[in-house]
Amino acid sequence: MQLLNTLSNLPDDVLISVFSLLSIKEALRLSVVSKRLAAVWRFSLVFNFDGLKMTPNYYHDDYNERFYKNRSKYINSINQIINSHKGSTLHEFRVKYMLDIFCMNHVDRWINFAFKKKGIQTLDLDLSQDHIGWPSEQLSPKFPQHCCDYITTIEGTSNIKFLKLLSIRSINVSSHIIHHILSNCEFLEHLQVEGSYTLTTLNVVGRSVLRLKTLKIVCCRVESMEICAPNLVTFKYYGANMNFQIRNSGSLVNVDIGGTTHVCMPTAFLKLSSYLSGLRTLRLNASIEQITNLKNLPQLINLKQLVISSSIEKEVSTLLGVTHLIMAAPFLHSFSLQLGLRKTGATNRVLKAAEGVHRCLQIVELVGFYGRPIDMEFLTFLIEKVESLHKIIINSCPSHQLRLPPSQKKTTPNKKQGRRMAFELKQKLTSLDIIIL
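Since we're looking at a predicted model, the values are computed, not measured.

Colleague: Before we go on, may I ask you to explain the overall build of the protein chain in this structure?
Modeller: In terms of regular secondary structure, the protein chain is built from 14 helices and 17 strands. When the 437 residues of the protein chain are sorted by exposure, 50% land in the buried category. Put simply, of all contacts in the protein chain between residues at least 6 apart along the chain, 69% involve residues at least 24 apart. For the protein chain, the computed accessible surface area is about 21100 Å², with 52% contributed by carbon and sulfur atoms.

Colleague: Just to check I follow, could you spell out the nonpolar core for this structure?
Modeller: Burial of nonpolar side chains together is a common tendency in soluble globular proteins. Among the nonpolar cores identified, the biggest contains 123 residues, and Phe93 and Phe335 are the most heavily contacted of them. Every residue in contact with Phe93, bar those within four places of it in the chain, is listed here: Phe47, Phe49, Ile82, Trp110, Phe113, Ala114, Ile120, Thr122, Leu123, Asp124 and Leu125.

Colleague: Got a minute to help me understand the sheet that holds strand β8 (residues 224-227) in this structure?
Modeller: For sheets, the rule is that strands pair by backbone hydrogen bonds, running either parallel or antiparallel. Spatially, β6-β8-β10 is the arrangement adopted by the three strands of the open sheet, whose pairing is parallel. Lying at the two open borders of the sheet, with one neighbouring strand each, are β6 (201-204) and β10 (243-246). The mean inter-strand angle of the sheet, taken between neighbouring strand axes irrespective of direction, is 5°. Note: β8 against β10, four bridges, orientation parallel. What sits directly across from Ser224, in β10, is Asn243.

Colleague: How should the environment of Leu22 be read in this particular structure?
Modeller: Within the element layout of this structure, Leu22 appears in the loop between α2 (12-20) and α3 (24-31). Linking Leu22 and Val46, residues 24 residues apart in sequence, is a C-alpha distance of 9.0 Å.

Colleague: Would you mind showing me how to read the pattern of salt bridges here?
Modeller: Side chains that differ in sign of charge can pair as their charged atoms come close. Taken as a whole and judged by the stated rule, the model has seven salt bridges. The closest approach of N and O atoms between Arg169 and Asp126, which form a salt bridge, is 3.1 Å. Residue Arg169 is found in strand β4 (residues 165-169), and its partner Asp126 is found in strand β3 (residues 122-126); the two are separated by 43 residues along the sequence. Judged by relative accessible area, which is 16%, Arg169 ranks as buried. Put simply, Arg169 and Glu194 hold a salt bridge, and the shortest N to O gap is 3.1 Å.

Colleague: Is there a simple way to explain a nonpolar patch on the surface in this structure?
Modeller: A cluster of nonpolar side chains, contributed by Ile101, Phe102 and Met104, occupies part of the molecular surface with about 290 Å² of accessible area. Relative to the helices and strands, Met104 is located in helix α6 (residues 104-116). Here Met104 falls in the partly exposed class, since its relative accessible area comes to 31%.

Colleague: Explain the packing of aromatic side chains here, please?
Modeller: Centre-to-centre distance and the angle between the planes together describe a pair of aromatic rings. For the structure on display, the rule yields 11 aromatic pairs. Ring geometry for Tyr74 and Trp110: centres 6.4 Å apart, planes at 90°, overall edge-to-face. A residue pair is termed long-range when its members are at least 10 positions apart, and Tyr74 in helix α5 (residues 65-84) and Trp110 in helix α6 qualify at 36 residues. As far as the burial class goes, Tyr74 and Trp110 line up, both buried. Cluster of aromatic residues (ring-pair linked, three or more members): Trp41, Phe47, Phe49, Phe93 and Phe113. Taking NZ or CZ as reference, Lys116 lies 4.9 Å from the ring centre of Tyr150, over its face. Directly above the aromatic system of Tyr238 lies the positively charged group of Lys236, at a separation of 5.0 Å from the ring centroid.

Colleague: What am I meant to see in unusual backbone geometry here?
Modeller: The phi angle of most residues is negative, glycine excepted, and most peptide bonds adopt the trans form. A positive phi angle, close to 65°, is found at Ser170, a residue other than glycine. Tracing the backbone through its elements, the reader meets Ser170 in the loop between β4 and α9 (175-184). A positive phi angle is found at Asn248, which is not glycine, with a value near 50°. Judged by relative accessible area, Asn248 falls into the partly exposed class, the value being 49%.

Colleague: Explanation requested: a positive patch on the surface in the structure shown.
Modeller: A cluster of basic residues, Lys25, Arg29, Lys69 and Lys73, forms a positive patch at the surface. Secondary-structure elements contributing two or more residues to the positive patch are α3 and α5. Tracing the backbone shows Arg29 in helix α3.

Colleague: Just checking my understanding: could you explain the environment of Ala268 for this structure?
Modeller: As for its placement among the helices and strands, Ala268 is situated in helix α10 (residues 265-271). Here Ala268 falls in the buried class, since its relative accessible area comes to 14%.

Colleague: Hey, could you run me through α6 in this one?
Modeller: The periodicity of an α-helix, 3.6 residues per turn, causes residues three or four positions apart to be oriented the same way. Look at α6: 18 Å from first C-alpha to last across 13 residues, which is about the 18 Å you get at 1.5 Å a residue. For α6, the full list of buried residues reads Val107, Asp108, Trp110, Ile111, Phe113, Ala114 and Phe115. Residues of α6 that are buried make contact with β1 (46-50), α5, β2 (92-96), β3, α7 (145-151) and α8 (154-160).

Colleague: Whenever I open this one, helix α13 (residues 373-385) confuses me. Can you help?
Modeller: Across its 13 residues, α13 extends 18 Å between first and last C-alpha, which sits within 8% of the 18 Å expected from 1.5 Å per residue. When we look at burial in α13, the residues that qualify are Ile374, Asp375, Phe378, Leu379, Phe381 and Leu382. The buried residues of α13 occupy an angular sector of 150° when the element is viewed end-on, so they sit on one face. Exposed side of α13, more than 90 degrees from the buried face: Pro373 and Glu384 are the residues found there.

Colleague: I'm lost on the pairing of strand β15 (residues 363-367) in this one. Help?
Modeller: For a regular strand, side-chain orientation follows a simple rule: the groups alternate between the two sheet faces. By the bridge criterion, five bridges tie β15 to strand β16 (residues 391-395) in an arrangement that is parallel. Note that in β16 the partner of Val367 across the bridge is Asn395. The parallel pair β15 and β16, bridged by α13, forms a crossover whose chirality is right-handed.

Colleague: Could you clarify how one ought to interpret the packing of α5 against α6 in this entry?
Modeller: Helix packing geometry: the angle between the two helix axes and the distance between the axes. The contact between α5 and α6 brings their axes to 11 Å, and the two run at 35°. Between α5 and α6 the crossing geometry is left-handed. Residues Tyr74, Ile75, Ile78, Asn79, Ile82 and Asn83 of α5 pack against His106, Arg109, Trp110 and Phe113 of α6. For the contact of α5 with α6, the class distribution of residues is six nonpolar, three polar and one charged.

Cut-offs applied
- Residues numbered from 1 in each chain as written.
- Predicted model: local features only at pLDDT ≥ 70, side-chain atom pairs only at ≥ 80, totals over all residues.
- Heavy atoms only, no water.
- Helix = DSSP H or I, 4+ residues; strand = E, 2+ residues; numbered from the N terminus.
- Buried < 20%, exposed > 50% of the residue type's maximum accessible area, 1.4 Å probe, protein only.
- Contact = heavy atoms within 4.5 Å.
- Areas by Shrake-Rupley, 256 points an atom, 1.4 Å probe, with all protein chains shown as cover.
- Core = buried A, V, L, I, M, F, W, Y, C linked by side-chain atoms within 4.5 Å.
- Pairing = 2+ DSSP bridges.
- Axes fitted to C-alpha atoms, helices over the stretch in contact; angles between N-to-C directions.
- Salt bridge = Lys/Arg side-chain N within 4 Å of Asp/Glu carboxyl O.
- Patch = residues over 30% accessible without salt bridge, like charges linked within 9 Å, V, L, I, M, F, W, Y side chains within 5 Å.
- Phe/Tyr/Trp six-rings, centres within 6.5 Å; stacked < 30°, edge-to-face > 60°.
- Lys NZ or Arg CZ within 6 Å of the ring centre and 35° of its normal.
- Lys, Arg positive; Asp, Glu negative; His and termini not counted.
- Charge placed at Lys NZ, Arg CZ, Asp CG, Glu CD.
- Expected span 1.5 Å × (residues − 1).
- Arc of directions from axis to C-beta.
- Right-handed = clockwise from strand over helix to strand, strands pointing away.
- Left-handed = near helix turned anticlockwise from the far one by under 90°.
- Nonpolar A, V, L, I, M, F, W, Y, C, P; charged D, E, K, R; others polar.

Shown next as structure tokens:
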């Protein structure tokens, strides 16, 4: 009762700020306490509909009655809340749930609702049907045409001019709309587009992108991309080869590149050559062969964290090609090698490990460790050549299964062998902190 009295004495703008700090469930519970709180709630500035906390990840083949029931409940909740909203201003709107073209009418309404409000700063639309894998082209809804038409009007452009974060996942949005947003949202700091198969060109240039810090383009059919963003800090690109130019982006320190149809790593490194020495974190999603083929590596003198992820390998005869990249980063602190399904095989190619000793690398993570000869050969190199090494994290689960629920992670002979070899290593190498997951 005392809390209710305290809240009742607060001015409306303070109560609106309180509602903005609460989750949707918490805000709804608070709004039914009194008529005044219910009225104020209708002017809330923040809506975060994170439905993934309600429903576990499913593959499409595992969709069941419970999933569809939860999804209908989620959709109805959003519709009821936005229908009751009375304010003309909205600062943040987030939707996160596994939705598809069969929910397109609802998605259209939500996007239209967000764009018709003034002062929108954060728009996060994550409809990923499969948060474990890549977005489905066939099931991704299209960005509504009436919204495209509206935001290019004077009123629509005015509503989005304060946008700071735009994230669109599993919605097909055109290059024209993204270009319009980049050209008119001078406060934009974070842009992410994932699973948009109608995004073919991207020009991140001009005065309007001066504040842009993060750019993530994943699983889109981009044919050409030009970047000139002096304050860009983080760049992520997963997809096929394209016509790519980057210039005047001296603040870049975090890079993540790769894809299902692996980009050509030597080409990518050449395009980024002016920025490699300044990178602090580097993540490469590529085959071991492509990593091995990197030649004339520059000194990555600022690199602290390196992650190499290779989901599927047809044939792997050695992992020693990776060692040259490790040695090119003399001040590297942590390294992670994440391997997926692979077949070991003998080839005529003879590879030598990088020469020298590493004196800064302290933490190594090996994912998809099966204890095979190539795994042990690589691990032996690390133990012998990395003087500063004190922790090794070993996980026998292949990288493509890391995000699966525990119930879907099957025990295989390879996993059993990997764990057995890891425990044997732990007993022998008592000077190292070996963690087995």
